[in-house]
Amino acid sequence: GVPSNATLVFIPNVSGVGGSGVYPVLNSGDNGEAKGITIFGGAMLTIGGGKNLNVGNALSIADGGKLIASDGTNLSTIKIGGQLSNAGKFVHGGSSTVEWTSASSYDIAMNGDTLYNFTVSNKPGSTITFSMKRGESLVVENNFTIGGGTVDCKQGTLVVRGNFIKESGATFAH
C-alpha cells in the first residue's frame with residue numbers, strides 16, 4: 001500500500017542478482033505521502049496518472065537514483081516540506097509541479113536537472129537558497145511562483161522560461 005505521512009520511505013536498488021528489478025510507480029489509487037523519501041543509487045520512483053506526492057520533510061535522490069515526476073500527459077504535483085537534494089536524476093516529464101512548502105530555511109540542489117513548474121510557498125521568515133555549483137543554473141521550464149517567504153538566488157543562475165510570479169509578501173533576493 002501507499003505509505004502514510006509518518007513513514008520514512010527508502011527505495012533501494014533491487015536490480016542486482018536476486019533482486020526483483022521492480023520499482024514503485026504511483027499512478028493509480030490514492031495520492032502518495034511520506035514523512036521523507038530517499039531514492040538510493042540505481043533505484044527509481046515514477047509518478048504518473050495525475051497522482052500527487054506529499055513529502056513532509058526531505059526528498060533525497062542519491063547519485064545514480066532517479067525520480068520521474070510525471071508521465072507527461074497528466075499534471076502531477078510533488079509537495080516538499082524539507083530539503084530537496086538531487087545528486088541523481090530528476091525528470092520533470094513536461095507536466096509536473098514541485099511545490100516547496102517549508103517553514104524552515106533550506107538549500108536546493110538539482111544536479112543540473114530542470115523543473116517544469118516550481119512554486120515556493122514558504123512560511124514568512126523562512127528562506128530557500130538555490131545551491132548550485134559555480135557556473136550552473138536552476139532552470140524552470142515553465143512557471144516559477146514565489147507565494148511566500150524568501151527565495152535567495154545569490155549563487156548560481158535562475159532561468160525561468162515561462163512566467164515569473166511573485167505574490168504579495170514574498171521576497172526575491174538576487
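Residues numbered from 1 in each chain as written. Predicted model: local features only at pLDDT ≥ 70, side-chain atom pairs only at ≥ 80, totals over all residues. Heavy atoms only, no water.

> So, the overall build of the protein chain: which residues are in play, and what are the values?
Within the protein chain one finds zero helices and 21 strands. The C-alpha atoms of the protein chain give 16 Å as radius of gyration, which agrees with the globular expectation for 174 residues (16 Å, within 12%). Referenced to the eigenvectors of the C-alpha coordinate spread, the extents of the protein chain come out at roughly 50 × 35 × 30 Å. Counting only residues that meet the buried cut, the protein chain has 40% of its 174 residues in that class. Long-range contacts, defined as pairs at least 24 residues apart, comprise 38% of the intrachain contacts of the protein chain with a sequence gap of at least 6. Looking at charge distribution, the protein chain has the averaged site of its 11 positive side-chain charges lying 3 Å from that of its 11 negative ones. (Helix = DSSP H or I, 4+ residues; strand = E, 2+ residues; numbered from the N terminus. Rg over C-alpha atoms; globule rule 2.2 N^0.38 Å. Buried < 20%, exposed > 50% of the residue type's maximum accessible area, 1.4 Å probe, protein only. Contact = heavy atoms within 4.5 Å. Lys, Arg positive; Asp, Glu negative; His and termini not counted. Charge placed at Lys NZ, Arg CZ, Asp CG, Glu CD.)

> How would you summarise the confidence of the model for the protein chain if you had to cite specific residues and measurements?
Mean pLDDT over the protein chain works out to 87, with 95% of the residues at or above the 70 mark. Taken element by element, the predicted model of the protein chain shows its lowest mean pLDDT in strand 15 (residues 127–130) (71) and its highest in strand 4 (residues 36–39) (97). (pLDDT = per-residue confidence, 0-100.)

> How would you summarise the sheet that holds strand 5 (residues 44–47) if you had to cite specific residues and measurements?
Within a beta sheet, neighbouring strands are joined by backbone hydrogen bonds and run either parallel or antiparallel to one another. Read from one edge to the other, the open sheet built from four strands follows the order 2-5-8-11, with strand pairing classed as parallel. Edge positions in the open sheet fall to strand 2 (25–26) and strand 11 (89–91), since each of these has one partner strand only. Two strands pair when backbone bridges link them, and strand 5 and strand 8 (residues 66–68) are joined in this way by three bridges, in the parallel orientation. From the neighbouring strand, methionine 44 faces strand 8, where its bridge partner is lysine 66. (Pairing = 2+ DSSP bridges.)

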